[in-house]
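Residue strings, one per chain:
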Amino acid sequence: MTRAAWGIGLATISDIDGAVLDTWFPSPQLGEAAPASPWDVPAEIGALEAVDPVRRVRRTVVRTDVDLDAAPTSASDAYLRLHLLSHRLVTPNSINLDGIFGALANVAWTSLGPCSTLDFEVTRARLQAKHPGVSIDGVDKFPRMTDYVLPEGVRIADASRVRLGAHLAAGTTVMHEGFVNFNAGSLGVAMIEGRVSQGVVIGDGTDIGGGASIMGTLSGGGTEHVSIGRRTLLGANAGLGISLGDDCVVEAGLYVTAGTKVSLLGDAASYGIDLSGARADADGRPVVPARALSGLDGLLLRRHSLTGGVEVLPRAARAVELNAALHTQ
């Protein structure tokens, strides 16, 4: 069965080349839209249609219907999918976003709204003449989430570090140095002080420490989606390129990629992984690539303070606990 979604939105269209710079969907919907002729356009949205000769754009009401299992076919199609994610109507990695970069225009995001990058110095002169002090917040294909969607029950210290298309569950806090890309985010209460890359999801009660980074699928042509389970701690300045289950800890400063060689401490059989062909370290313990541990629960990953080797051992049965006061809305 086709999975569908639709929305009535307000598109910003460049008068220079006709490109759709953005589309805002205040109330996106899942499912097939009932035929409407004329469209049932909310009065508040219709009233925003306008021509802006200073930015050289026009704002027009559009209705967009999409097949969530097919790739995006237009900029408005792509924006509707990003809105669905940030409105928490769909979860990361559950809809087709193939080719989304090609569907979106590169935009000059100004304090007065999106502008085309074409012939921008002329546009800048117009803006400065009419609005002295106008600022350029960035040049990118993806805008800030909070300029389009403000999900209930979240805290975001620096709005520029959360892209439209991020999925933030209620109770999530993104601190000043945290970053959440599109098609990524949290599935429950979470503390994010590090980088949550495209395709990454983190579970309820999980803490991504300051400066920590989780590998996504955009850089290096990767295809593996990394997920982190519940009540897991990624220590400050740590990095992760494998999935982890529940109740895990990665030591501060330790970067674990799929190929990192890891010594198994404790009962090797208790990890439940294939040890055939595993070599042994200097102490006779089995050594496996970290990818063999992907998705397991209750792990502590650390670096030996003398040898520098990476080790893993089962964690004692105690949960990572977030500071509840920081997540009270």
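The rules behind each value
Residues numbered from 1 in each chain as written. Predicted model: local features only at pLDDT ≥ 70, side-chain atom pairs only at ≥ 80, totals over all residues. Heavy atoms only, no water. Helix = DSSP H or I, 4+ residues; strand = E, 2+ residues; numbered from the N terminus. Buried < 20%, exposed > 50% of the residue type's maximum accessible area, 1.4 Å probe, protein only. Areas by Shrake-Rupley, 256 points an atom, 1.4 Å probe, with all protein chains shown as cover. Lys, Arg positive; Asp, Glu negative; His and termini not counted. Charge placed at Lys NZ, Arg CZ, Asp CG, Glu CD. Expected span 1.5 Å × (residues − 1). Pairing = 2+ DSSP bridges. Axes fitted to C-alpha atoms, helices over the stretch in contact; angles between N-to-C directions. Contact = heavy atoms within 4.5 Å. Phe/Tyr/Trp six-rings, centres within 6.5 Å; stacked < 30°, edge-to-face > 60°.

Engineer: Mind laying out the overall build of the protein, listing which residues take part and the relevant values?
Structural biologist: Of the regular secondary structure elements, the protein holds 4 helices and 28 strands. Seen along its three principal axes, the alpha-carbon backbone of the protein occupies a region of about 75 × 50 × 40 Å. Across the 329 residues in the protein, those meeting the buried criterion constitute 46%. For the protein, the exposed surface amounts to about 15,000 Å²; the carbon and sulfur share of it is 52%. Taking the average location of the 27 positive side-chain charges in the protein and that of its 35 negative ones, the two points are 4 Å from each other.

Engineer: Describe helix α2 (residues 75-86), listing the residues and the values that go with them.
Structural biologist: When the terminal C-alpha atoms of α2 are compared, their 17 Å separation across 12 residues agrees well with the 16 Å that a helix rising 1.5 Å per residue should span. Most of α2 is tucked away: 12 of the 12 residues are buried.

Engineer: Run through the pairing of strand β26 (residues 286-289), naming residues and quoting values.
Structural biologist: As paired elements, strand β24 (residues 261-264) and β26 share 3 bridges and run antiparallel to each other. Opposite Ser-263, over in β26, you have Val-287 as the bridge partner. Two elements, strand β25 (residues 279-280) and β26, share 2 bridges in a ladder whose sense is antiparallel. Considered in β26, the bridge of Ala-280 is made with Pro-286. Two successive antiparallel strands, β25 and β26, enclose a turn made up of 5 residues, where Gly-284 displays a positive phi of approximately 80 degrees.

Engineer: How would you sum up the sheet that holds strand β6 (residues 107-110)? Please name residues and give values.
Structural biologist: The 3 strands are arranged β7-β6-β8 in an open sheet whose pairing can be described as antiparallel. With partners counted over all chains shown, the strands left at the sheet margins are β7 (113-116) and β8 (136-140), one partner each. Direction aside, the axes of adjacent strands within the sheet are offset by 25 degrees on average. Bridge count for β6 against β7 is 4 bridges, and the pairing is antiparallel. Bridging across to β7, Trp-109 finds its partner in Pro-114. The sheet contacts of helix α4 (residues 120-130) involve β6, β7 and β8, and relative to β7 the element is tilted by about 140 degrees.

Engineer: I'd like a description of the packing of aromatic side chains, backed by residues and values.
Structural biologist: Taken as a whole and judged by the stated rule, the model has 4 aromatic pairs. Pairing Tyr-79 with Tyr-148 gives two aromatic rings, centres 6.1 Å apart and planes at 45 degrees, and the pair type is tilted. Of the two residues, Tyr-79 sits in helix α2 while Tyr-148 sits in the loop between β8 and β9 (155-156), which places them 69 residues apart along the sequence. Each member of the pair, Tyr-79 as well as Tyr-148, carries the same accessibility label: buried. When the centroid spacing of 5.9 Å and the interplanar angle of 70 degrees are considered together, the rings of Phe-101 and Phe-182 count as edge-to-face. With Phe-101 in helix α3 (residues 100-103) and Phe-182 in the loop between β12 (179-180) and β13 (184-186), the pair connects residues that are 81 residues apart, well separated along the chain. The class of Phe-101 is partly exposed, set by a relative accessible area of 34%. A relative accessible area of 2% places Phe-182 in the buried class.

Engineer: Lay out the sheet that holds strand β18 (residues 213-214) in plain terms, naming residues and giving numbers.
Structural biologist: Strand order across the open sheet formed by 5 strands is β12-β15-β18-β21-β23, with parallel pairing between neighbours. Across the chains shown, the open sheet's two edge strands, defined by having one partner strand only, are β12 and β23 (255-256). Summarising the sheet, strand β21 (residues 239-240) and β23 pair through 2 bridges and their orientation is parallel. Bridge pairing in β23 links Gly-239 to Tyr-255.

Engineer: Which residues make up the pairing of strand β27 (residues 299-303), and what values do they have?
Structural biologist: Where strand β22 (residues 249-250) lies against β27, 2 bridges are found, and the strand directions are parallel. From the neighbouring strand, Val-249 faces β27, where its bridge partner is Leu-300. When β27 meets strand β28 (residues 310-314), the two strands line up antiparallel, connected through 5 bridges. Opposite Leu-299, over in β28, you have Pro-314 as the bridge partner. Here β27 folds back onto β28 in antiparallel fashion, the turn holding 6 residues, of which Gly-308 has a positive phi close to 80 degrees.

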